[in-house]
Structures are given as structure tokens and as C-alpha cells.
Amino acid sequence: MMWPTLLLGLLVASAAGWIVTSYLQAQRIRRLERSHEEIQVEETLVFDFLHGLGEAFRESIRPQELHRLIVEGATRILDAQGGALYVSDRTGAKLTPAFISKGCPPLVDIPPNILQQTAATPTALEKFLRLHTVAPGEGLIGRVWQTGQSVYLSEFSDAPELAKLRSSAFGTRSVMAVALRYGNQDLGVLALANGPMGVPFSQGDFVVFKSLAEQSAFALYNAIIYSEANEKKRLDHDLQIARDIQRILLPAEAPDLNGFEISGLNVPARHVSGDYFDYIKIDEERLGVAIADVSGKGVPASLIMAICRSVLRSQAIGNPSPADVLKKVNRQLYPDIKEDMFISMAYLALDHVRGGVILARAGHDAPLLYKQKTQAVQPLKTPGMVVGIDSGNVFDRLTSDVAVELEPGDFIFLYTDGITEALDSEGNEFGLERMIAAVRSSAKEKAQAIVNRMIDELRNFVGSTPQNDDITLIVIRKT
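Since this is a predicted model, take the numbers as computed values, not measurements.

Q: Any chance you could explain the overall build of the protein chain here in plain terms?
A: Counting its secondary structure elements, the protein chain contains 13 helices and 15 strands. A burial count over the protein chain gives 44% of its 479 residues as buried. Partitioning the contacts of the protein chain with sequence separation of at least 6, the portion at a separation of at least 24 is 66%. Approximately 25,200 Å² of the protein chain is accessible, and the part contributed by carbon and sulfur atoms is 55%.

Dropping the structure here:
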């Protein structure tokens, strides 16, 4: 009887063991299935997050939309109660709230009066958080930004601004915060928080959060690059329009003048030029020829140039005295020119009836006079000071008309210092001597050919060195 009983016991034990093993195996399989499902859900959420950040590579995305994607995506993946993104302002001196999700516990110090107002007006806290900026080292967010250290807190001894709210409806149970940096650029701080009723973040959550923050920093940096590129496109477009307008203001061609042959050219160093030249009909017998150089380059210089052109034209018509015109131009422009700016000018009146030339100079580089008989080149160093640094008392005493005697074949060469100060690859200047040599070597040619020859000589000298100043030149030949 023992053996059958023992055998039955073994069978029952084996069956029970098999049932237990099967049950445990089934439980393990269900846990693995749930874990797999959770991983798949998390993978889907992460994929959606990365896909959303991919929008940052589109030029059309708005910064506000990207900020929302970052905060809401991270909140959803890590099942947080809320999140906040603070970004560096243009000065880099403080953080501004870019996006704070609804339900996010406050992560900065809340003044008592705001808490009191919130009891009656719930939007008071939201308004405060939306407008409150954070200085380096201020509170948890400011310290993370200043140190660049990621933090995971469930105990707030190092964050008293959060500890004092812990027992209130605005308390926080756990926080993760990370500084967003890409390369050497500090972009801001991303933080996630769970309230008193939420589950504390785990170390695994913290690892995932830091990975999400790295991708977010790259997306923010990329969005900034796109924004700057778009801004540059807009500026380039505006500058191109300004250049087209300035081209309209400069003479398209030289006038056909009896007894004289004239040619002029302006080559800006940038989109717009601070150099200026012009041909102005004074009266039926005279033509005014002006050349000017505004200190500096670019847009500010071009604006002063445009003002100078308008004033000069208003004063030149009907006035045969170049010196008197320059005096009036100086008196009008002096009050409106900044202390660190000035204009050098040379202005001539060509009498195409009598063949005479009168020159006045306001501190401009001395024009060169070429005499065909002697083949000599001499600078016309007439007196004068630049426009815009004296109200008129000294300027008027120094500026005077000087008659320039021209015989057939003689010519006057006017230029700005963009020619003489042009540099080659070794830093050598083109200089006055090279310019005079180029003038003399092309002296037998027509005015246009002299201009072209000078530009060719200049380009051969500088080679591939970028142009560092505006270039303007005019040739006036007596025929």
C-alpha cells in the first residue's frame, strides 16, 4: 500500500509544481508583455518628440511653437505634472520664461503678495510666472543656468523657494532641471516637476530627461541659426534696395559738355557707399562737379551722403561760387552730423562757355592736375577744412575759390582715399606715387579710358585682397 500512495503523492506534487511554474511563467510573460508595451509607448513618445523637434529644421517654425513642443513633449514622455522652459535673453544677462505648461508647479520664488492675490485671482500667479525673469544664481533655475549642472531633487533643502511651498497647493514633490547648452552657447534651462499628488521621478527618468534636453538644446540652437539666417536675408534684401536707390542718386552717365570731357565711377566696398560724386547744372553756362567722402562706411555713411547730396544740390543751383556753396552746405549740415563724423568734399564749377574752371576744397584729397605740355602731375592743394566739424566761423575763413588754368589736353583727376589706401595681400598701400604713375601712363587717352586704366591698375595691385573702402574717381579733360 505504501508504494501506490507514495507514487500518487509524487504525481500530485509534480502536477502542483507544474501548475505553479506555469502560473509564474504566465505572470512573467504578462509582465514582459506589459513592459514591452510600455517600452513601445515610450519609444513612440520619444519618436514623436524627436519628430516635433525636427520642425526646428524648417525655416518657417515660430520660436513659440518650438518652445511649446519641447516642454509638452518632455512632460508627456516622463509623465510629469508640468514643465517650464527658460531661455537666455539677447544680452545673455538673464533668463526669460519661454513656455510654462498649465499645471506646472512654480519653480521660482513667489512673493507673499502674489500668493495672497492668487487666492482671489487665480490668474495672478500665472501672470507673475509669465513675466518673471531669472538672474544667474537666482533660485534653482538660476543656479542650474549659472553652474551648468543638471539636478534631480526630491528633497528641497537646497531650494528654499520650493520648500516653503511644499505644503501648499502649489508645492512640488520632485524636480528635474538641466542647463541647455550647445557648443559654447548658453541657451537656457529646461525643468520638469511633479506636485504633491504625483509620483516622484526616478533615476531612470533623470537619464531620459537629460537625453531629451540634449536634443532640445540642439533644436533651439538650430532654430536660432535659422532665425539669424532669415534675418540676414531680410537685411541683405533691404541693403540691396538701398544700393539700388543709391545707384539712382549717383549719375548714370557723364553729361555731354562743350569744351570738356568727363567720366566718373563709384565702386562701393559694401552694399552701399559713403562716397559721393555728382554733376549739377548750375545755370546755362556752368556745370558743377562734386566729389565727397563721408567718414566711415556702410549704411550710416550712405545716409549722410544722401543728406549731403540734397543740401548740395539745393545750394548749387544758380550759385557760380564753389566756395560759397560749400560754406552754405557746411552751415546746414553741421547741426545734424555726429561729433565722430565729417565729410570731405571738392567742388568745381566748369564754365563751358568761357572754358574756365573754379575749384573749392573742403578738406578733401587734393585733386591732381595733369599738364599736357610738360607732362607734369601736380596736386591742387587749395585751402579748406572738412564739412561738419565747425559751425562756420573757421570753415568760412579757410574756404575760398581758386581758378584752375586748363589748356587743351590738360585734365583734372579727382579721387577718394579708397584708391590710395587700397591694400595688397602683404598690407602695402597703393599710395599716391602709384596713382600718379598710373595717371601719367594713361594721360594721352580719353577720360573714360583713364578711369578704366586706374581701376585695372588698382585691381592688379590688390589681387584677391578684399576691398576695404569705397572708391570714387572723376576725370575732367579740357578738349
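Moving on from the coordinates now.
Q: Can you help me understand the sheet that holds strand β12 (residues 376-379) in this one?
A: Whenever strands of a sheet pair, they do so through backbone hydrogen bonds, lying parallel or antiparallel. Reading across from one edge, β6-β15-β14-β11-β12 is the order of the five strands in this open sheet, with antiparallel pairing throughout. Edge strands, defined here as strands with exactly one partner in the open sheet, are β6 (260-267) and β12. Going across the sheet, the axis of each strand differs from the next one's by a mean of 15 degrees, ignoring polarity. Relative to strand β15 (residues 471-478), strand β14 (residues 411-415) runs antiparallel, the two being bridged by five bridges. Looking across to β15, one finds that Tyr 415 is bridged to Leu 473. Against the sheet, helix α12 (residues 431-441) contacts β11 (368-371), β12 and β14, and its axis sits at roughly 145 degrees relative to β14. Each of β6, β14 and β15 is contacted by helix α13 (residues 447-462), which is oriented at about 145 degrees to β15, the strand it contacts most.

Q: Just checking my understanding: could you explain the side chain of Asn 330 for this structure?
A: On the secondary structure map, Asn 330 appears in helix α9 (residues 322-333). A polar side-chain atom of Asn 330 sits 2.9 Å from the main-chain carbonyl oxygen of Asp 390. Leaving out residues up to four positions away in the same chain, Asn 330 has contacts with Val 386, Val 387, Gly 388, Asp 390, Ser 391, Gly 392 and Phe 395.

Q: I keep staring at the nonpolar core and nothing clicks. Help me out?
A: Considering soluble globular proteins, one finds that nonpolar side chains tend to be buried as a cluster. Within the largest apolar cluster, 51 residues are counted, with the highest numbers of intra-cluster contacts made by Ile 262, Ile 343, Met 345, Leu 350, Ile 412, Ile 474 and Ile 476. Once residues within four sequence positions are removed from consideration, Ile 476 is found in contact with Phe 260, Glu 261, Ile 262, Val 289, Leu 348, Leu 350, Asp 410, Phe 411, Ile 412 and Leu 414. Counting residues in hydrophobic clusters, the runner-up holds 28 residues, among them Leu 95, Leu 107, Leu 153 and Leu 165.

Q: Would you mind showing me how to read the pairing of strand β8 (residues 286-294) here?
A: For a regular strand, side-chain orientation follows a simple rule: the groups alternate between the two sheet faces. Across the nine residues that make up β8, a large majority, eight, are buried. Inspection of the sheet shows strand β7 (residues 275-281) paired to β8 by seven bridges, in the antiparallel sense. Its bridge partner being in β8, Ile 280 is matched across the sheet by Gly 288. The hairpin turn running from β7 into β8, its antiparallel successor, is four residues long. Of the strand pairs in this sheet, β8 and strand β9 (residues 343-351) are connected by nine bridges, and their pairing is antiparallel. Bridge pairing in β9 links Ile 291 to Ala 346.

Q: Looking at this structure, I do not really get empty space enclosed by the protein. What am I missing?
A: In this approach a probe as big as a water molecule rolls over the atoms, and the regions it shows empty are the leftover space. Within the structure shown, the criterion is met by two cavities of 30 Å³ or more. Of the voids in this model, the largest cavity is the one considered here, and its volume is about 40 Å³. Residue lining of the largest cavity: Ile 304, Ile 307, Leu 333, Asp 336 and Ile 337, and that is the complete set. Residue composition of the lining of the largest cavity, grouped by class: four nonpolar, no polar and one charged. Quantified by volume, the second largest cavity comes out at close to 30 Å³. Lining the second largest cavity, in full, are Ala 84, Tyr 86, Ile 100, Cys 104, Pro 105, Pro 106, Leu 107 and Leu 129.

Q: Even after reading the chapter, I still don't get the confidence of the model for the protein chain, so can you show me in this structure?
A: It should be kept in mind that the predicted coordinates are not to be read in detail where pLDDT is low. With 86% of its residues at a pLDDT of at least 70, the protein chain reaches an overall mean of 85. Per-element confidence in the protein chain ranges from a low mean pLDDT of 57 for helix α1 (residues 2-53) to a high of 97 for β14. Confidence drops under pLDDT 50 across residues 38-47; counting only partners more than four residues distant or on other chains, this segment forms four contacts.

Q: I keep staring at the layout of surface pockets and nothing clicks. Help me out?
A: Quantified by volume, the second largest pocket comes out at close to 500 Å³. Residue lining of the second largest pocket: 21 residues in total, with Ile 100, Ser 101, Lys 102, Gly 103 and Glu 126 positioned closest to the centre. Looking at the lining of the second largest pocket, the elements with two or more residues in it are β2 (95-100) and α4 (123-131). Broken down by class, the residue content of the lining of the second largest pocket amounts to 13 nonpolar, five polar and three charged.

Q: Would you explain the packing of helix α3 (residues 112-120) against α4 in this entry?
A: Each pair of packed helices can be described by the angle between their axes along with the distance between the axes. Where α3 meets α4, the closest approach of the two axes is 6 Å, and the angle between their N-to-C directions is 140 degrees. In terms of their interaxial angle, α3 and α4 are classed as oblique. Judged by residue contacts, Ile 114, Gln 117 and Thr 118 of α3 engage Ala 124, Leu 125 and Phe 128 from α4. Here the contact of α3 with α4 is composed, by residue class, of four nonpolar, two polar and no charged.

Q: Mind showing me how you'd approach α9 here?
A: The periodicity of an α-helix, 3.6 residues per turn, causes residues three or four positions apart to be oriented the same way. With twelve residues, α9 should reach 16 Å at 1.5 Å per residue; the first-to-last C-alpha distance of 16 Å fits that figure. Against the buried residues of α9 lie α8 (298-316), β9, β10 (356-362) and α10 (393-398).

Q: What is the right way to look at the sheet that holds β10 in this model?
A: Sheet architecture is open: five strands sit in the order β7-β8-β9-β10-β13, paired in antiparallel fashion. The strands lining the two open edges of the sheet, one partner per strand, are β7 and β13 (402-404). Put simply, the sheet's adjacent strands are angled 20 degrees from each other on average, direction ignored. Two strands pair when backbone bridges link them, and β9 and β10 are joined in this way by six bridges, in the antiparallel orientation. Its bridge partner being in β10, Ala 346 is matched across the sheet by Arg 361.

Scoring rules and cut-offs
- Residues numbered from 1 in each chain as written.
- Predicted model: local features only at pLDDT ≥ 70, side-chain atom pairs only at ≥ 80, totals over all residues.
- Heavy atoms only, no water.
- Helix = DSSP H or I, 4+ residues; strand = E, 2+ residues; numbered from the N terminus.
- Buried < 20%, exposed > 50% of the residue type's maximum accessible area, 1.4 Å probe, protein only.
- Contact = heavy atoms within 4.5 Å.
- Areas by Shrake-Rupley, 256 points an atom, 1.4 Å probe, with all protein chains shown as cover.
- Pairing = 2+ DSSP bridges.
- Axes fitted to C-alpha atoms, helices over the stretch in contact; angles between N-to-C directions.
- Polar contact = N/O pair within 3.5 Å; in protein donor to acceptor, adjacent residues only side chain to side chain.
- Core = buried A, V, L, I, M, F, W, Y, C linked by side-chain atoms within 4.5 Å.
- 1 Å grid on protein atoms, 1.4 Å probe; cavity = no way out; pocket = protein on both sides within 12 Å on 5 of 7 lines; lining within 4 Å.
- Points joined across faces, edges and corners; volume = space filled by probe spheres on them.
- Nonpolar A, V, L, I, M, F, W, Y, C, P; charged D, E, K, R; others polar.
- pLDDT = per-residue confidence, 0-100.
- Parallel < 35°, antiparallel > 145°, perpendicular 65-115°, else oblique.
- Expected span 1.5 Å × (residues − 1).

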